Every structure is written in structure tokens, then in C-alpha cells.
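Here's the letter readout for the chains.
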Amino acid sequence: MLVWRDIGFKKNETGRDTERVSDLANGYARRIGQLLSSGNSYDSSSTASFIIQVYEKFFEETKTVLRWDDVPKSKQRLDHEQFMRAMFLGYKKPFDQTTEDIDRETGRFSGKTLEKDKGLSFYYSIECVVGFCENSGSSREEATEFLRGLLDGKVLYDPLYVREILNHPERLGFGVKPRELVKFARAISANYER
């Protein structure tokens, strides 16, 4: 059974931290390299660079930019009033700021943007895949093919789905410990696309 592990993120960590991304990718490539081998050579740097390449695409596709000026003035005023009331729980008196006061307060944020992304959640999916391969006794060649099969689509963008389906492969018609990992990867991706 796969469970969430702390993979070393700090609270509210977002944005592209290339050093952290590289460390995580190399760590997972190293863990795959420690699996049993069927004799073929294994290139951990190739696996790590492929993970990083897919992460870069993931980062760009999941990034959202919020612009304060795109929020209607009426919504800005309402949000400000709700925020001020929330600071004093139970405050029931009429709100005593004028519209001009509120506009002056909210005008301080004019021109500002807030950039959000799914951070490094992609690596929770990678953690699930590598953990699954370690638990199922896969060889490093099988693990590499399985990971590459999942990296080809967008299935690793959703760590909740990945963990759930890897915990219950029977939902896709596979045994508890699937042996044909390439077919399993294709089935996971096809089911996710549906």
C-alpha cells in the first residue's frame, strides 16, 4: 500500500527551483538504479534528464497568473470588507469604512500579480511510481519502462489518481502485483485520459 511520504518540501513551496528539481530527479533515478538488474546497462542521468524535461512541461502547463486588476472593483470592495470583519470575529456593527476608504486600501494592490503553480506535486507522482516498483520487486529495466510509459502522457500531473490506481491495479483488470508493467502503464494512461 502506497502512502504519502515527506519528500522534502518546505511549506508553501512553489515556483521553479531548478536545484531542488534536479536533486529530486537524480534521487529517483538513483533509486531506480538500485533495483535488481537483468543485465542491461542503466543510465541514471538519462532517466533524470527525462524526468526534468517532463517536469518543465508540467510546470508551464499548470502555471496560473492572477492579476489584481482583473478582479472587478465590486468584488475587491466585498473581499476587503469580509477580510476586515474576519479579523474581528463576531463583529456585528455596520462596516464604518466609506467606499473611498476601501478603494484607497485596495488601490495599493493595483498592478500586482500573483503567480501560482502546482509546485512540485508532480514529484509525488514520481514517488508513488518508484515506490510501487520497489514494492513489487520490479527490475530496474521494467521500472524505467514503466516510468517512461507514464511520463509520456499527463497522468503524472495528478498524484492522487496515480497513488489510487497503483494501490488498486485490479480496477484496471490487473493482479495485485502486475507483471506486465508496460501494458499496465498504457492502461493507466488510457483510463486517465477517459
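What you see is a predicted model, and the numbers here were worked out from it, not measured in a lab.

K.L.:
Sorry if this is basic, but what is going on with the nonpolar core here?
P.N.:
With 40 residues, the main nonpolar core has Phe 122, Tyr 123, Ile 126, Phe 146, Leu 156 and Leu 166 as its most contacted residues. Mapped by element, the contributors of at least two residues to this core are helix H1 (18-33), helix H2 (44-62), helix H5 (122-136), helix H6 (140-151), helix H7 (159-167) and helix H8 (181-193). With eight residues, the top contributor of residues to this core is H5. Those residues in contact with Phe 146 that lie beyond four places of it in its chain are Val 129, Phe 132, Cys 133, Leu 166, Leu 181, Phe 184, Ala 185 and Ile 188.

K.L.:
Honestly, the packing of aromatic side chains in this entry has me stumped. Any pointers?
P.N.:
Any two aromatic rings considered together are summarised by their centre-to-centre distance and by the angle between their planes. This model, assessed by the stated rule, comprises 13 aromatic pairs. Both rings, one in Tyr 55 and one in Tyr 123, keep their centres 5.4 Å apart while their planes meet at 35°; by these two values the pair is tilted. Here the residue Tyr 55 occupies a position in helix H2, and Tyr 123 occupies one in helix H5, the gap between them amounting to 68 residues. By relative accessible area, Tyr 55 is classed as buried at 0%. Looking at Tyr 123, the relative accessible area reads 0%, which means it is buried. Ring pairing ties together the aromatic residues Tyr 28, Tyr 55, Phe 58, Phe 59, Phe 122, Tyr 123 and Tyr 157, which thus form one cluster. Directly above the ring of Phe 50 sits Arg 148, whose terminal nitrogen or CZ lies 4.5 Å from the centroid.

K.L.:
Looking at this structure, how should I read the side chain of Thr 144?
P.N.:
Along the chain, the position of Thr 144 falls in helix H6. On the accessibility criterion, Thr 144 (11% relative accessible area) is buried. Not counting chain neighbours up to four residues away, the residues in contact with Thr 144 comprise Ile 32, Tyr 42 and Thr 47.

K.L.:
Can you help me understand the pattern of salt bridges in this one?
P.N.:
A side chain with one charge may pair with a side chain of the opposite charge, provided their charged atoms come close. Under the definition given, this model contains eleven salt bridges. In this structure, Asp 79 engages Lys 75 in a salt bridge whose closest nitrogen and oxygen atoms are separated by 2.8 Å. With Asp 79 and Lys 75 both in helix H3 (residues 73-87) and four residues apart, the pair spans about one turn of that helix. Among the residues examined, Lys 75 registers a relative accessible area of 39% and is labelled partly exposed. Between Glu 105 and Arg 108 there is a salt bridge whose closest N-O contact spans 3.4 Å. When its relative accessible area of 29% is taken as the criterion, Glu 105 is described as partly exposed. Within this structure, Arg 31, Glu 127 and Glu 134 form a network of salt bridges that share partners.

Calculation rules
- Sequence order sets the numbering: in each chain, residues are counted from 1 along the sequence as written.
- A pLDDT threshold of at least 70 governs which residues receive local features in this predicted model, and a stricter bar of 80 or more applies before side-chain atom pairs are shown or counted, although totals over entire chains, interfaces and linings include all residues.
- Computation of side-chain values: all heavy atoms of the structure, hydrogens and water removed.
- In these notes, a set of buried Ala, Val, Leu, Ile, Met, Phe, Trp, Tyr and Cys residues joined through side-chain atoms within 4.5 Å is what counts as a nonpolar core.
- Burial classification: accessible surface area is computed with a 1.4 Å probe over protein chains only, and a residue below 20% of its type maximum counts as buried, one above 50% as exposed, and the rest as partly exposed.
- Secondary structure elements are taken from DSSP: a helix is a run of H or I of four residues or more, a strand is a run of E of two residues or more, and numbering for both begins at the N terminus.
- Here, residues are in contact when the closest pair of their heavy atoms is within 4.5 Å.
- Any two of the Phe, Tyr and Trp rings considered here, Trp counted by its six-membered ring, make a pair once their centres fall within 6.5 Å; the pair's planes then place it as stacked at under 30 degrees, edge-to-face at over 60, or tilted in between.
- In this analysis the charged atom, NZ for Lys or CZ for Arg, is taken to sit over a ring once it is within 6 Å of the ring centre and within 35 degrees of the ring normal.
- Definition used for salt bridges: Asp or Glu carboxyl oxygen within 4 Å of a side-chain nitrogen of Lys or Arg.

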